[in-house]
Amino acid sequence: MSCVQKQPKRSRSEEFLHHFSLLVLFSGMEGDPDLQFLLKGGDLLKVLSPSWKKTRFLRLQDDCKTMWRESKKTFKSCQTFPVADIQEVRMGRQSEGLKKNAEEQAECRCFSIVFKGRRKNLDLIASSEEESKQWIKSLQKLVSNVNNLNRMQTTEHWIFSCLRKADKNKDDKLSPSEVKSFLRLINIEMDDDYADMLFKKCDKSNSGYLDGEEIAHLYDLLTNREEIDVIYGEYAKTTGFMSADNLVGFLMKEQREKATLADAQKIIEKYEPDEQAKEKKLLSKDGFLMYLHNVEAMILNPEHSEVYQDMQQPLNHYFISSSHNTYLTEDQLKGPSSTEGYVRALLKGCRCVELDCWDGSDNEPVIYHGYTLTSKILFKDAIKAIKENAFKTSDYPVILSLENHCSLEQQVVMAQHMSSILGSALVTSPLGDNMPTNFPSPEELKGKFLIKGKRLQKLEEEESNDESAEEEQKEKRKKKLKLAKELSDMVIYCKSVHFHSFKDARKTLSFYEMSSFKEGRAVKLADESANDYIRHNVEKLSRVYPAGSRTNSSNYDPVPLWNAGCQIVALNFQTGCKEMDVNQGRFVVNGNCGYVLKPSYMRDRSTEFDPITLTRGEWLKHKILHIMIISAQQLPKVNKKKSSIVDPLVRVQIFGVPADVAEKETSPVDNNGFNPAWNENFQFDVYVPDLALVRFVIEDYDSTSDNEFVGQYTLPFNSLKMGYRHVPLLNKNGDLLPSAGLFIHAMVLDEE
C-alpha cells in the first residue's frame, strides 16, 4: 500500500502558483519533508465496517489547502476536502469506527481524520507503523500551519486560489472573461461596463490580457480598504507613516485603551512587515492592518480569552456549559448514537454531559434514547471516550448526568466501569474532613468527575440489632428504589430529586439535592417567579432540558433560564442554530473553560433582583451601545453555484433581560460578498450589562424567501472592546470561517 502514483509535470504557471501557496502556507518551508510526503501521497485502507476495507489514494493538492482521494477501481469516488475542515488527526484505534471495525493487532497502523461539524470521521489504516506515524505527523503539521495563519495570510491564499481557478488555460494570464469569472469566484458580481473599466485600468500594456504586475495591481485594487486608508491617514503624521506616538494616540482616543510608548513600540516590532520602517520605529499601513487583524485587537477582550474569573466560589455560583442527550449526533428518534457526540461536546468546552443508560446484552449496559430507533453504544465505551477527552479543552470538573433505566445487576456493572475507567478522578466522597454544608469550587474540583443521579436514603441500620432484619430492610429499600448501592454511593454533590415548589425546596432539601426541569416548566417559573427561582439557585443546582416534542433536536432559548440563575441549561450540541450560537457566546469567555461566574446579585440569598420587573439595584447599570457597521471581507457563498453572489446584510442582536432584547439590521448590499460596505449606525440601551450578549449575524438577503445564514459571532456585552474592531465569523457549526470577517466601530457610554 505504500506505492506512490507518479504525478504529471507541472506547467510554468502551476509551478509559480504552487510556490506561492507554499510561501503563504508554510512561510519558506518548501523543502519540508512532511509537506513533500503529503504532496506525493500514497495508498491507505479506508475502513467502514469489518468487511468493508478498501484502498484509497490520498494526497495533498498543489494548492496546499485541499486533500484529494480517489478509488483505485472507479472514477466516481474521487473526492476532496479542505484541510481547514479537519478538527484533529487521531493516532491508533481511537475513533468509534476503528474500535469496532479494525483488528486490535492493527492498532499501530490506524489513524483517523476527524472533521469539524457533523461530517463522519475518515478512518484509515496504513501499510506499516512507520508509514502511519508519517501520515499523522505530516497531517498534524499541515493542520497546525493552516490554523495558525492570520486572516491576511488566509485571504491572500484564498484569493490566489481563485485566480488559479479563473486562469482556465493556465497561461499565467487573465483575459477579460477570466477576470469576470475570477470576480464571481470571490463573490462579486459587476456589470459589464464596470468590469471592463477595472480591466482597462489594470491592462497597462494594452495587450488585452493581464499578467504579472498587472494581476498584482488587480489584487491591490480589490483588496484595498478605503476605510482603513481613512483611519490610518488620520494618525499617520510622520512622513506618511505612523510613529509610536501616533499609534499611542490612536489606541487611547479610538480604541479606549491605556497605552504607553513601550506598548506601541512592541506592536510595531511584532506587526510591521517592512524592516526599514521597523528600524525607524514606524508603522506602515500594511503593518497597521496586520495589527487590526490580530486576535488581541479584535472585538473580544483578550483578557477574557483566558480564565480571569474567581474560580474559588461554590460550584452552583457558575453557569455551566451543558449538553442534552450528548450521545446523539442527529435527531432524537432514529438517528445514530455515537461516542463522538461526547468527544465533540467536551472539546467545545461542555462540562455536563448526559448518559441515558439501559440494559444491554451480555450484561453490558448500553446508551441510547429509550423506546426509539436510535442506535446503541456501550456504556463503557462512552465512559472511556469521556475520560480521554474530558480535560483537553478545560481542566474544570465534568458532571456526568445519569438517566438510569438499568436493572440492579447492570447498575453494578455501570459503577464498576466508572470506578475502573475514571479511577481517582471520580469523586466518591465529600472533599475535606468535615461534613460539607456547601458545594466545593471548580478550582477544588479540577480534573474531577461528578456523578449526577439518584441516591439511596441513609439506612437506619442502628434501629435494628438483628442482622437478618437489617438485611431484609436493605433489600426492601433497594427493591423500592431499584437502585444499586454501588451506584448510589457515587452520587455525592448532585443528587437528583423531584421538584415540588420553591417553598418545599427551601424547607426540605439539602444543598446537594438538585432538580431537573423540562423547558416548559422552567420557562414558566422563570417568567412568573423569577426572583424565587434566582434565590433557589443561590443554594441549589438546577438543570433544564429540552421538551420531548423537539424530536428534530432543535433547541430552546437558554437566556431566560440563565436570567433566572439556572446553571445547567442543557442544549442539543449537535444542532447548529441561533440558540447554540448564543450558548457558545456565553461560554467563549473565561478561557472557554465551561464555567462562567454569575453576577454577585445572583449569588446573594437575599437578592431582590428580578429580570422581569427590573426594580432598582446594583444590577441596573444603564449603558448606551453605539455600533457602526462599516464593512465585511471575503464572505463565503451560501449557494455553491458559480453564478450565485451573496447580497449581504448585517443584523445586530442584543440578548439578556427582556428590557434589553433588541435587534436592528442594515440594508442589503447587492452582489458583493467580497468587500461590502454599509457605514450604518445603530444605538442600543442596555440596562443589565452583566447578563447581556451581543450577536452579529450576516445573512444573504432574499426578497422572495427567508434570508440564508452566512456567518455570526456572539459575545458577552461586558467582553466587548471599544473602537475599530474586526469581528471574526463562525459557521453554522460554530467553527471559524478562516478569511471572512466583519469590521465595526463600537462605543459604550454610561447613561447620565
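Since the structure is predicted, the reported quantities are computational estimates derived from the model, not experimental observations.

(A) The arrangement of the overall build of the protein in detail. Within the protein, the regular secondary structure consists of 23 helices and 30 strands. Reported as C-alpha extents along the three principal axes, the dimensions of the protein are approximately 105 × 75 × 55 Å. Here the protein, with 752 residues, has 53% of them falling under the buried criterion. Nonlocal contacts in the protein, meaning residues at least 24 apart in sequence, comprise 68% of its contacts between residues at least 6 apart. Treating the 101 positive side-chain charges of the protein as one cloud and the 111 negative ones as another, the clouds have centres 4 Å apart.

(B) Region of interest: unusual backbone geometry. Phi is positive for Asp-172, close to 65°, though the residue is something other than glycine. As for its placement among the helices and strands, Asp-172 is situated in the loop between helix H5 (151-166) and strand E8 (173-174). Phi angles above zero are rare outside glycine, and Asn-363 is one such case at about 60°. Along the chain, Asn-363 falls in the loop between strand E13 (352-358) and strand E14 (366-367).

(C) Inspection of the UniProt feature "glycosylation site" (unreviewed entry) in the protein at higher detail. With numbering matched to this structure, UniProt assigns "glycosylation site" (unreviewed entry) to Ser-205. A residue is classified by how much of its surface remains accessible, and Ser-205, at 45% relative accessible area, is partly exposed.

(D) Examining the UniProt feature "domain: EF-hand" (unreviewed entry) in the protein more closely. The positions that UniProt labels "domain: EF-hand" (unreviewed entry) are, in the present scheme, residues 154-189 and 190-225. Helix makes up 64% of residues 154-189 and strand 6%. Its end C-alpha atoms lie 22 Å apart. Along residues 190-225 one finds 61% helix and 6% strand; the C-alpha atoms at either end are 18 Å apart.

(E) Just the side chain of Ser-496, in detail. Note on placement: Ser-496 falls in strand E18 (residues 494-496). Within the structure, the side chain of Ser-496 is placed 3.1 Å from the side chain of Lys-452, a separation counted as a polar contact. Once residues lying within four places of it in the same chain are set aside, the contact partners of Ser-496 are Lys-452, Gly-453, Lys-454 and Met-514.

(F) Spatial organisation of the state of the cysteines. Under the definition given, this model contains 0 disulfides. With no disulfide of its own, Cys-406 has Cys-357 as its nearest cysteine by sulfur position, at a separation of 5.6 Å. The exposure class assigned to Cys-406 is buried, which follows from its relative accessible area of 7%.

(G) Region of interest: the pairing of strand E23 (residues 623-633). Burial analysis of E23 places 8 of its 11 residues in the buried class, which makes it a mostly covered element. Pairing geometry for E23 and strand E26 (residues 677-686), over 8 bridges, is antiparallel. Bridging across to E26, Ile-627 finds its partner in Phe-682. As paired strands, E23 and strand E30 (residues 736-750) are joined by 10 bridges and run antiparallel to one another. Within the sheet, the bridge partner assigned to Ala-632 lies in E30 and is Leu-742.

(H) Focus on the sheet that holds strand E2 (residues 52-60). In spatial order, the strands read E4-E3-E2-E1-E7-E6-E5; together these 7 strands make up an open sheet with antiparallel pairing. Pairing within the sheet leaves two strands with one partner each, and these edge strands are strand E4 (79-82) and strand E5 (86-91). Here the average twist between neighbouring strands, direction ignored, is 30°. Along the sheet, helix H2 (residues 33-40) makes contact with strand E1 (42-49) and E2, crossing E2 at roughly 125°.

(I) Representation of H2. Turning to H2, its buried residues are Asp-34, Leu-35, Leu-38 and Leu-39. Buried residues of H2, seen end-on, are gathered within an arc of 135° and therefore sit on one face of the element. Away from its buried face by more than 90 degrees, H2 exposes Pro-33 and Lys-40. Where H2 begins, one side-chain oxygen reaches toward the backbone nitrogen of Asp-34, 3.1 Å away; that side chain belongs to Asp-32. Positive backbone phi, at 80°, marks Gly-41, one or two positions downstream of H2.

(J) Representation of the nonpolar core in the model. Judged by nonpolar contacts, the single largest core of 102 residues is most densely connected at Leu-355, Leu-400, Met-418, Tyr-533, Ile-629, Phe-696 and Leu-742. Apart from residues no more than four positions distant in its own chain, Leu-355 is found in contact with Tyr-342, Ile-367, Phe-379, Ala-382, Ile-383, Ile-386, Leu-400, Ser-401, Leu-402 and Glu-403. Membership of the second largest hydrophobic core comes to 25 residues, among which are Tyr-232, Ala-244, Ala-264 and Tyr-291.

(K) Geometry of the packing of helix H14 (residues 339-347) against helix H15 (residues 379-389). Between H14 and H15, whose axes approach to 9 Å, the crossing angle comes to 20°. Here H14 lies roughly parallel to H15, going by the angle between them. Both H14 and H15 take part in a crossing whose hand is right-handed. Packed against H14, whose contacting residues are Thr-339, Tyr-342, Val-343, Leu-346 and Leu-347, the element H15 presents Asp-381, Ala-382, Ala-385, Ile-386 and Asn-389 at the interface. A breakdown of the residues in the contact of H14 with H15 according to their chemical character gives 7 nonpolar, 2 polar and 1 charged.

(L) Here's a closer look at the pattern of salt bridges. Taken as a whole, this structure holds 35 salt bridges when the rule is applied. In this structure, the salt-bridge partner of Glu-107 is Arg-93, at a minimum N-O distance of 3.3 Å. On the criterion of sequence distance, the pair formed by Glu-107 in the loop between helix H3 (96-101) and strand E6 (110-115) and Arg-93 in the loop between E5 and H3 is long-range, its members being 14 residues apart. Note that Lys-524 is salt-bridged to Glu-528, the shortest N-O span being 3.1 Å. Within this pair, Lys-524 and its partner Glu-528 are both found in helix H20 (residues 519-528), separated by 4 residues, close to a single helical turn. Among the charged side chains, a salt-bridge network with shared partners connects Asp-32, Asp-34, Lys-137 and Lys-141.

(M) Local environment of the environment of Cys-593. Residue placement: Cys-593 occurs in the loop between helix H23 (578-587) and strand E22 (595-597). Using a relative accessible area of 2% as the deciding quantity, one classes Cys-593 as buried. Linking Cys-593 and Thr-393, residues 200 residues apart in sequence, is a C-alpha distance of 6.9 Å. With near-sequence residues (within four places) excluded, Cys-593 lies in contact with Val-307, Met-311, Gly-349, Arg-351, Ser-394 and Tyr-396.

(N) Main features of a negative patch on the surface. A cluster of acidic side chains, namely Glu-213, Asp-220, Asp-274 and Asp-286, defines a negative patch on the protein surface. Within the secondary structure, Asp-220 sits in helix H8 (residues 213-223). Classification of Asp-220 as partly exposed rests on a relative accessible area of 44%.

Thresholds applied
Residues numbered from 1 in each chain as written. Predicted model: local features only at pLDDT ≥ 70, side-chain atom pairs only at ≥ 80, totals over all residues. Heavy atoms only, no water. Helix = DSSP H or I, 4+ residues; strand = E, 2+ residues; numbered from the N terminus. Buried < 20%, exposed > 50% of the residue type's maximum accessible area, 1.4 Å probe, protein only. Contact = heavy atoms within 4.5 Å. Lys, Arg positive; Asp, Glu negative; His and termini not counted. Charge placed at Lys NZ, Arg CZ, Asp CG, Glu CD. UniProt positions renumbered as here; feature names shortened; annotations may be inferred. Polar contact = N/O pair within 3.5 Å; in protein donor to acceptor, adjacent residues only side chain to side chain. Disulfide = S-S within 2.5 Å. Pairing = 2+ DSSP bridges. Axes fitted to C-alpha atoms, helices over the stretch in contact; angles between N-to-C directions. Arc of directions from axis to C-beta. Core = buried A, V, L, I, M, F, W, Y, C linked by side-chain atoms within 4.5 Å. Parallel < 35°, antiparallel > 145°, perpendicular 65-115°, else oblique. Left-handed = near helix turned anticlockwise from the far one by under 90°. Nonpolar A, V, L, I, M, F, W, Y, C, P; charged D, E, K, R; others polar. Salt bridge = Lys/Arg side-chain N within 4 Å of Asp/Glu carboxyl O. Patch = residues over 30% accessible without salt bridge, like charges linked within 9 Å, V, L, I, M, F, W, Y side chains within 5 Å. Areas by Shrake-Rupley, 256 points an atom, 1.4 Å probe, with all protein chains shown as cover.

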